[in-house]
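# Remarks on the overall topology
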Amino acid sequence: MSFTTLGLNPTLLTHIARQGYTTPTPIQAAAIPPILAGNDVIGLAQTGTGKTAAFVLPILQRLQRGPAGGIRALIVTPTRELAEQILGTVRAFAAGGRIRSASVYGGVGFDAQERALRGGADLIVACPGRLLDHMSRGYVRCDTITTLVLDEADRLLDMGFAPAIRRIVAQLPAARQTLLFSATMGPDVADLVQAATRNPQTIRLSSDRPAETIAHAIVPVAEEQKMMALLELLRRERAGAVLVFTRTKHRADRVAQRLEREGARVARLHSNRSQRQRQLALDGFRDGTFDVLVATDIAARGIDVSTVSQVINFDMPDTSDAYIHRIGRTGRAERSGDALTLATPADRAMVRVIERALGAPLPRHSLPGLPLVDDAAMPPPPPAPARPALPRDHRGDAPYGRPPAHHAYRTNAPPHAAAVAPRTRDRTAPPVDARHAAPPPTAPRRRSPR
Ligand code: AMP
């Protein structure tokens, strides 16, 4: 399949080629024609599948055709980072043309946004809270809006934006095109679909399943072993950037500070950071200034850094959806990626929930120098389900990654053996603390410059 068969005009095809896209991703192939035809579309696609271009390209084509004047397309998205990313995609595909675009979100001044909303932009990418602030001031004209996009709808709702979205939608013309994208389709998203769309065409692409290019593993640890485990994982030879998730902002700060002391080039991304700090962190992570980004869930939502080769869950996510979103930061655009989750005995139930959601048991991995926690800590994976287990790393040599030869990963052992084998050893092993006291950690290895 080629982009030329989707009905896009030659200008957009030129921009697509300039971006280096040769083949449409499945969501692009499925969504672009009905969006061009003016239909409402629900896109249930996992993150990293190219969904941004799937809605941006046909919207731009429709805007290029239609009469100018006022805001004509409104894209609502949960975070500032995502808004900037979408705006970047819009501008890349609209370069050299007449379509004007702007972003609207909190943490920065109102004036430029007000000018854009007063008619200075054809397309607005907005976060709901700030958009409502502007709307309440009375100068936002919504009657010219012909297309609404609700991007990352599940996360918008998770973040408590349901009332804001309903208020925004209520101000838009009823005769409009609505596009809703979501990684998952829970009851809340279904309610929003019901309220905001008309006769939508649903495109379901392996929703609730992460990209198959991602190799997952659980690293069973005791709570006090987490930092050691993280340092060990970062020491491994690996090309690409590493994204580390923590449960709280405070923990993100602590983990980042410790990694800095160990010599890693680390940035932090969480909602206590200013917009400028967040942008610098993201830009530096993108351009290779930082090897590691330590982030909380909300701040890292939807970020697209194509070089992320590894996501490490320092803390277990709260839900299987959160797991899928986090690990969707790697394996983007059909690249491979590793998703490693440090799991303590207290995380046992959540490991099962995630395995059930993925439909496959996750391999367990011990780390050299870190004894596995006691046998009660991690149950063996559940019996293999009807669905095939997650594919091995496409490099074909290990369930995840490619550990250096000197590392004692039991990568060839079946997942069950990997989970239970260390028990015997642990019973005779010195206490965890004593073991850890022995070799002082060395600095995480720096990757060669990209
Ligand atoms: P998204 O899911 O929209 O965040 O996109 C994930 C990544 O895939 C982005 O870096 C896009 O630039 C890239 N991408 C989107 N569509 C294509 C395509 N057809 N070919 C190659 N890369 C793509």
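About the criteria used
Residues numbered from 1 in each chain as written. Predicted model: local features only at pLDDT ≥ 70, side-chain atom pairs only at ≥ 80, totals over all residues. Buried ≥ 20, exposed ≤ 12 C-beta atoms within 10 Å, placed from the backbone. Helix = DSSP H or I, 4+ residues; strand = E, 2+ residues; numbered from the N terminus. Pairing = 2+ DSSP bridges. Right-handed = clockwise from strand over helix to strand, strands pointing away. pLDDT = per-residue confidence, 0-100. Contact = placed C-beta atoms within 7 Å. Axes fitted to C-alpha atoms, helices over the stretch in contact; angles between N-to-C directions. Parallel < 35°, antiparallel > 145°, perpendicular 65-115°, else oblique. Left-handed = near helix turned anticlockwise from the far one by under 90°. Core = buried A, V, L, I, M, F, W, Y, C linked by C-beta atoms within 7 Å. Nonpolar A, V, L, I, M, F, W, Y, C, P; charged D, E, K, R; others polar.

Further remarks concern the pairing of strand β10 (residues 266-269). Residues Val266 and Arg268 line one face of β10 and the alternating positions Ala267 and Leu269 line the opposite face, and both faces are buried. Bridge count for β10 against strand β11 (residues 292-295) is four bridges, and the pairing is parallel. Bridging across to β11, valine 266 finds its partner in valine 292. In this fold, the crossover linking β10 to β11 by way of helix α12 (residues 275-287) has right-handed handedness.

Attention shifts here to the confidence of the model for the chain. Low-pLDDT stretches of the model should not have their predicted coordinates read in fine detail. For the chain, mean pLDDT is 79; residues scoring 70 or higher make up 77% of the total. Counting interchain partners and residues more than four positions distant, the pLDDT-below-50 stretch residues 382-450 has 107 contacts.

It is worth spelling out the sheet that holds strand β7 (residues 201-205) at this point. Spatially, β3-β4-β2-β5-β6-β1-β7 is the arrangement adopted by the seven strands of the open sheet, whose pairing is parallel. Edge positions in the open sheet fall to β3 (101-104) and β7, since each of these has one partner strand only. Strand-to-strand, the axes of this sheet are offset by a mean angle of 15 degrees, without reference to chain direction. As paired strands, strand β5 (residues 147-150) and strand β6 (residues 177-182) are joined by four bridges and run parallel to one another. If you follow leucine 148 over to β6, its bridge partner there is threonine 178. Against the sheet, helix α4 (residues 80-94) contacts β2 (73-76), β3 and β4 (123-126), and its axis sits at roughly 180 degrees relative to β3.

Relative to the elements of secondary structure, leucine 362 occurs in the loop between α15 (348-358) and α16 (415-420). Between the C-alpha atom of leucine 362 and that of threonine 341, which follows or precedes it by 21 residues, the distance is 10.0 Å.

Moving on, we come to the packing of helix α2 (residues 26-36) against helix α3 (residues 51-65). Between α2 and α3, the least distance of the axes is 9 Å, while the angle of their chain directions is 25 degrees. Viewed along their axes, α2 and α3 adopt a mutual orientation that is roughly parallel. The crossing of α2 and α3 is right-handed. On α3, the residues that touch Ile27, Gln28, Ala31, Ile32, Ile35 and Leu36 of α2 are Lys51, Ala53, Ala54, Phe55, Leu57, Pro58 and Gln61.

A word on the pairing of β6. Where burial is concerned, most of β6 is hidden: six out of the six residues are buried. The side-chain alternation of β6 yields two buried faces, one formed by Gln177, Leu179 and Phe181 and the other by Thr178, Leu180 and Ser182. Relative to β6, strand β1 (residues 41-45) runs parallel, the two being bridged by four bridges. Residue glycine 43 lies in a different strand from β6, and its bridge partner there is phenylalanine 181.

In this section: the environment of valine 76. Note on placement: valine 76 falls in strand β2. A sequence separation of 89 residues divides valine 76 from isoleucine 165, and the C-alpha atoms of the two residues are 8.5 Å apart. Leave out the neighbours within four places in its chain, and valine 76 touches Ala126, Pro128, Val149, Leu150, Asp151, Ile165 and Ile168.

Turning next to the nonpolar core. Core analysis: the biggest nonpolar cluster contains 65 residues, and Ala31, Phe55, Leu74, Ile124, Ala126 and Leu150 have the highest contact counts within it. Sort the elements by how many residues they give to this core and α3 lands first, with eight residues. When residues no more than four places from it in sequence are discounted, the contact partners of alanine 126 are Leu74, Val76, Ala83, Val104, Tyr105 and Leu131. One finds Ala217, Val294, Ala295 and Ala360 within the second-largest nonpolar core, a separate group that totals 52 residues.

The next subject is the packing of helix α6 (residues 128-136) against helix α8 (residues 162-170). Look at α6 against α8: their axes get within 10 Å of each other, and the N-to-C directions meet at 45 degrees. In terms of their interaxial angle, α6 and α8 are classed as oblique. The element α6 and its partner α8 pack so that their crossing is left-handed. Here α6 contributes Pro128, Gly129, Leu131 and Leu132 to the contact with α8, which in turn contributes Ala164, Ile165, Arg167 and Ile168. Per-class residue counts for the contact of α6 with α8 are six nonpolar, one polar and one charged.

Let's shift gears to the sheet that holds strand β12 (residues 308-313). Strand order in this open sheet of six strands is β8-β13-β12-β9-β11-β10, and the pairing throughout is parallel. Sheet topology places β8 (214-220) and β10 at the edges, where each strand pairs with a single neighbour. Recorded for the sheet is a direction-independent mean angle of 20 degrees between the axes of neighbouring strands. As paired elements, β8 and strand β13 (residues 337-343) share seven bridges and run parallel to each other. Across the sheet, residue isoleucine 214 finds its bridge partner in β13, namely glycine 337. Contacts from helix α11 (residues 249-261) reach β9 (241-245), β10 and β11 within the one sheet, and its direction differs from that of β10 by about 175 degrees.

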